[in-house]
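Notes for the structure review
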Amino acid sequence: MRQRLSTALAIGVGILILVLSALFAFLQNH
Amino acid sequence: MTQKPRRYLQGILWIVLYLALTLAPLFLLLVGPAPSGRGFWREFSVAIGFAGLAMMCLQFVLTARFRWLKAPYGSDIVYFFHRQVSLVAFVIVLAHPLILFIEDPARLGLLNVFAAPWRARFGVTSVLALIVLIASSLWRKPLKIHYDAWRIGHGLLATAAVALAMGHIVLVGHHVGTPAKRALWIGYGIFWVGLLAYVRVIKPWLEMRRPYVVESVTPERGNAWTLVLRPDGHSGLTFHPGQFAWLTLRSSPFADREHPFSFSSSAAQPQRLGFTIRELGDFTRKIGQVRPGERAYLDGPHGGFTTDRHEHAARFVFIAGGVGITPIMSILRTLADRGDRRPLLLVYASRDWEGVTFREEIEQLRASSRLDLCVVYVLERPPADWDGERGFVTADILRRHLSNFEPPSAFEVFICGPQPMMDAVERALLGLGVDVGDIHTERFDLV
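Just so it is clear, the structure is predicted and the values come from calculations on it, not from any experiment. (Residues numbered from 1 in each chain as written. Chains lettered and ligands numbered in written order. Predicted model: local features only at pLDDT ≥ 70, side-chain atom pairs only at ≥ 80, totals over all residues.)

With respect to the overall build of chain A
Here is the rule: A run of H or I in DSSP counts as a helix once it spans at least four residues, and a run of E counts as a strand once it spans at least two, with each numbered from the N terminus. Every C-beta atom is placed from the backbone, and the number of other C-beta atoms within 10 Å of a residue's own sets its class: buried at 20 or more, exposed at 12 or fewer, partly exposed in between.
Counting its regular elements, chain A contains 1 helix and 0 strands. Considering only C-alpha atoms, chain A reaches an extent of 45 × 5 × 5 Å along its principal axes. Counting every position in chain A, which comprises 30 residues, the buried fraction comes to 33%.

This is the structure in structure tokens:
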């Protein structure tokens, strides 16, 4: 269970990075 | 505040801090003055490159054995997160050049490290180091890489990957033009080098100053050996029962050839530290050859797998598989030494009756008045006249024996054993209504 939570956290970190990176790229070009 | 809410709060705090440190480069890219945009995909690729590097830097923190960091989760979960998040970081780092190649295939020429500019050489070599790092960790056993060689290589490859990526950023020079951004990356670099110096130089040096001597090496049932160490010229260490230490034998602490083992002795007798080790891997097969008088070094104690963190618990349930009995044996011995009469249930799974490590002592503890201990052996290959539990530890077996421990919220459960057993037992306990916060595990076999 704890392992699943830590996997979820790792994936969550990845998704957050992708979203913020897309936001950055969008703002850079507008 | 009681221990549990405080630990939850601390656990959340570290996660928030981790997110902040990982995402800091992105926020800085967003808020600071930035060079003009060069297209969405190019900037997106740059942003994930920065974030990937921040994640790689933070990997060093996760394995630096800071007790305060691991306390809320347990060491095994921090290592597991290190492993899982490294895969995420790897995908992100790999996506950085891939997006650039897809956007402009002419950039594929940068992969030719002989003709490419230095900034590309640094980047390509960093990614190559990362690929070897990940592959050697995921497939260490199939690739037949010796654990000691893997550990040394792992540190070197990680250092190389991060240093080369830093060089790549500096040489490309984009988005590091302002003093604030330069300061952030210099800060990240210094922090990382400092951490490395602490783990690889200061900690081993401190260990060298506090050596231990092997007092005895005794064979145990189940193909295991008990190694007893005593401090040599210093006061030794105190630990909580269930914790573990990194043990260095026949080598210097600087050689990075240490292995984690649970204490099996009583925490009430810290002058004689016992470790019970089953012959399973490269290092453990040689334990029987160790002789009394040999020098040893310890880094510890570590880990949150201990009943001492649950002083208010009314009862404890222990579920051990094979050599997973070692931390639990330390707990039983310690509770017996303390005269702790809280009800205890031990469910102990073994292959056969002859291989039940500590069998005689567990029977003595069960019969003694020092503990209120109930023991259930579960044997995979029981003898013909066996009338106890057989097979594996199932939900049925647990339900039968936990019925005296109702309601499920009244006890804390500690599980230690082979990975498949722990997964199955954890699922079974959750199915029986045991709260996830009351289940404590210790897993070592991650690589």
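Quick word on helix α11 (residues 419-431) of chain B
Residues and elements named next belong to chain B. Applicable threshold: Residue count minus one, scaled by 1.5 Å, sets the expected span of a helix. Within this analysis, the arc is defined by the directions that extend from the helix axis to the C-beta atoms. Contact between residues is assigned whenever the C-beta positions, reconstructed from backbone atoms, fall within 7 Å.
Across its 13 residues, α11 extends 18 Å between first and last C-alpha, which sits within 8% of the 18 Å expected from 1.5 Å per residue. All of the buried residues in α11 are Met421, Met422, Val425, Glu426 and Leu429. Across the axial projection of α11, the buried residues extend over an arc of 130 degrees, all falling on one side. Along α11, exposed side chains directed more than 90 degrees from the buried face belong to Pro420, Arg427 and Gly431. Turning to α11, the residues buried within the fold contact β7 (315-321), β8 (343-350), α10 (395-402), β11 (411-416) and β12 (439-442). Of the residues trailing α11, Gly433 is marked for its positive phi of about 95 degrees.

Considerations on the interface of chain B and chain A
On the chain A side, the residues contacting the 28 residues of chain B number 22 residues. Where the side of chain B that touches chain A is concerned, the elements lending two or more residues are α1 (3-31), α2 (40-62), α4 (75-103) and α11 of chain B. When residues in the side of chain B that touches chain A are grouped by element, the largest group, 8 residues, is from α4 of chain B.

Some points on the sheet that holds strand β4 (residues 258-262) of chain B
All names here are of chain B. Applied cut-off: Any two strands with at least two DSSP-identified bridges between them are counted as paired. For every element, the axis is a line fit to its C-alpha atoms; helices are fit only across the contacting stretch, and the angle between N-to-C directions ranges from 0 to 180 degrees.
An order of β4-β3-β6-β1-β2-β5 is seen for the 6 strands of this open sheet, with the pairing classed as antiparallel. Each end of this open sheet is capped by a strand with a single partner; those strands are β4 and β5 (273-278). The mean angle between the axes of side-by-side strands here comes to 40 degrees, regardless of whether they run parallel or antiparallel. In this structure, strand β3 (residues 244-249) lies alongside β4, joined through 5 bridges in antiparallel fashion. Bridged to Leu247 within β4 is His259.

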